[in-house]
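Next come the chains, spelled out residue by residue.
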Amino acid sequence: MLQVLREARDTLVPDMSGPHGPLPPVMLILTVVTGLVDAFSYLLLGHVFVANMTGNVVFMGFAFAGAATFSTLASAVALLSFGAGALAGGIAVHRARAHRGLQLQHALLVETAFVTAAMIVTLISGGPYTGGVRYALIMLLGVGLGVQNAAVRALAVPDLTTTVVTRTLTGAVADSRLAAGPGSRAGRRLLSAGALLVGAFLGALVLLNGHPSLPLILAVILLVVMTTATTPLARSDAPWTRPAGA
């Protein structure tokens, strides 16, 4: 248990001279953002995710089989939008491939712009979000989260993918001493899963008890704060700013 707590502490308050510097807590905040936007999309846009593409592939299978409330078109739009965002994110991070702080800043600027645009659409249109508004929101959020995932992949902080926790939880158990593994890094991995849970919980809570735009408003606030915080990180020459593996 003490080891788990130390791992959690080192993730939340990392060694700034370590290989990933301030990136671990940033990844956790982005995981909370993921939970917020997926809570919004799933609960208000008709059973579709904008960050969890595995879910959308499964939903398309349900829709093909004729299951009610699932839309092949909505899932396809989410997948295509996410792919477009991943392409844009890939371009952004590869242009700054020599500096991880710049990679993070570029990606956050683009993601913040798209999530902010989605928030504005919700405020102007009002709910329920149907027809063209629904698909516009899926596209804007899908692109934004695709950018995020491309950046996270390039930054390559172990166990902090910001979106998928299946492998994270598998590693926490399969790599444990109980399984005769090398060590589960359970503190970090459980924090990752917990951050997604917190984001989804907060998103659903404010959505069900307040204005439907609130999950996106919270997501934009977090993104703006992080984007502002990346300004000094983009100018840093600390060892963590070098590409992963360099």
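What you are looking at is a predicted structure, and each value in this text was computed from that prediction instead of being measured.

About the cut-offs
- Residues numbered from 1 in each chain as written.
- Predicted model: local features only at pLDDT ≥ 70, side-chain atom pairs only at ≥ 80, totals over all residues.
- Heavy atoms only, no water.
- Helix = DSSP H or I, 4+ residues; strand = E, 2+ residues; numbered from the N terminus.
- Buried < 20%, exposed > 50% of the residue type's maximum accessible area, 1.4 Å probe, protein only.
- Contact = heavy atoms within 4.5 Å.
- Areas by Shrake-Rupley, 256 points an atom, 1.4 Å probe, with all protein chains shown as cover.
- Axes fitted to C-alpha atoms, helices over the stretch in contact; angles between N-to-C directions.
- Parallel < 35°, antiparallel > 145°, perpendicular 65-115°, else oblique.
- Left-handed = near helix turned anticlockwise from the far one by under 90°.
- Nonpolar A, V, L, I, M, F, W, Y, C, P; charged D, E, K, R; others polar.
- Expected span 1.5 Å × (residues − 1).
- Core = buried A, V, L, I, M, F, W, Y, C linked by side-chain atoms within 4.5 Å.
- Salt bridge = Lys/Arg side-chain N within 4 Å of Asp/Glu carboxyl O.
- Phe/Tyr/Trp six-rings, centres within 6.5 Å; stacked < 30°, edge-to-face > 60°.
- Lys NZ or Arg CZ within 6 Å of the ring centre and 35° of its normal.

A. Region of the structure containing the overall build of the chain. When helices and strands are tallied, the chain shows nine helices and zero strands. Each helix (α) and strand (β) of the chain, taken in turn from the N terminus, gives the series α-α-α-α-α-α-α-α-α. Residue burial in the chain is summarised as follows: out of 246 residues, 49% are buried. Partitioning the intrachain contacts of the chain with sequence separation of at least 6 by distance along the chain shows that 71% fall at a separation of at least 24. About 11,500 Å² of surface is accessible on the chain, with carbon and sulfur atoms providing 71% of the total.

B. Looking closely at the packing of helix 2 (residues 23–44) against helix 5 (residues 100–125). Where helix 2 meets helix 5, the closest approach of the two axes is 13 Å, and the angle between their N-to-C directions is 20°. With respect to each other, helix 2 and helix 5 are oriented roughly parallel. The chirality of how helix 2 crosses helix 5 is left-handed. On the side of helix 2, the interface is formed by Leu23, Val26, Met27, Leu30, Val33 and Phe40, while helix 5 contributes Arg100, Leu104, Leu108, Glu111 and Thr122. Looking at the contact of helix 2 with helix 5 residue by residue, the classes come out as eight nonpolar, one polar and two charged.

C. Focus on the side chain of Gln105. Summarising the element assignment, Gln105 is placed in helix 5. Non-local contacts of Gln105, meaning those with residues more than four positions away in its chain, are made with Thr230, Thr231 and Ala234.

D. Seen up close, helix 6 (residues 131–155). With 25 residues, helix 6 should cover 36 Å at 1.5 Å per step; its first-to-last C-alpha distance of 37 Å lies within 8% of that length. Once helix 6 finishes, Ala156 follows within two positions and takes phi at roughly 55°, a positive value.

E. Fine view of the nonpolar core. Membership of the largest hydrophobic core comes to 44 residues, with the highest contact counts inside it found for Met27, Leu30, Phe40, Leu104 and Leu141. With ten residues, the top contributor of residues to this core is helix 2. Ignoring any residue separated from it by four or fewer positions in sequence, one finds Leu141 in contact with Val37, Phe40, Val50, Val115, Ala118 and Leu216.

F. Layout of the environment of Ile217. Tracing the chain through its elements places Ile217 in helix 9 (residues 214–235). Residue classification places Ile217 among the partly exposed positions, given a relative accessible area of 26%. For the pair Ile217 and Val115, spaced 102 residues apart in sequence, the C-alpha separation works out to 9.0 Å. Once residues lying within four places of it in the same chain are set aside, the contact partners of Ile217 are Met119 and Leu123.

G. Structural context of the pattern of salt bridges. Scanning the model with the defined rule gives one salt bridge in all. For Arg189, the salt bridge is made with Asp159, and the minimal N-O distance between the two is 2.9 Å. With a gap of 30 residues between them, Arg189 in helix 8 (residues 186–209) and Asp159 in the loop between helix 6 and helix 7 (166–174) connect regions that are remote in the sequence. Accessibility assignment for this pair places Arg189 and Asp159 in one class, buried.

H. A look at the packing of aromatic side chains. Tallied over the entire structure, the rule returns seven aromatic pairs. Considering the side-chain rings of Tyr42 and Phe59, the 5.9 Å spacing of their centres and the 45° angle between planes classify their relative orientation as tilted. One end of the pair, Tyr42, is in helix 2; the other, Phe59, is in helix 3 (residues 53–64), and 17 residues separate them in sequence. We classify Phe59 as buried; its relative accessible area is 8%. With 5.3 Å between their ring centres and 70° between their planes, Phe62 and Phe70 make a pair best called edge-to-face. Cluster of aromatic residues (ring-pair linked, three or more members): Tyr42, Phe49, Phe59, Phe62 and Phe70. Above the ring of Tyr135, the side-chain terminus of Arg134 is found at 5.3 Å from the ring centroid.

Distances and angles like these do not, on their own, reveal function.
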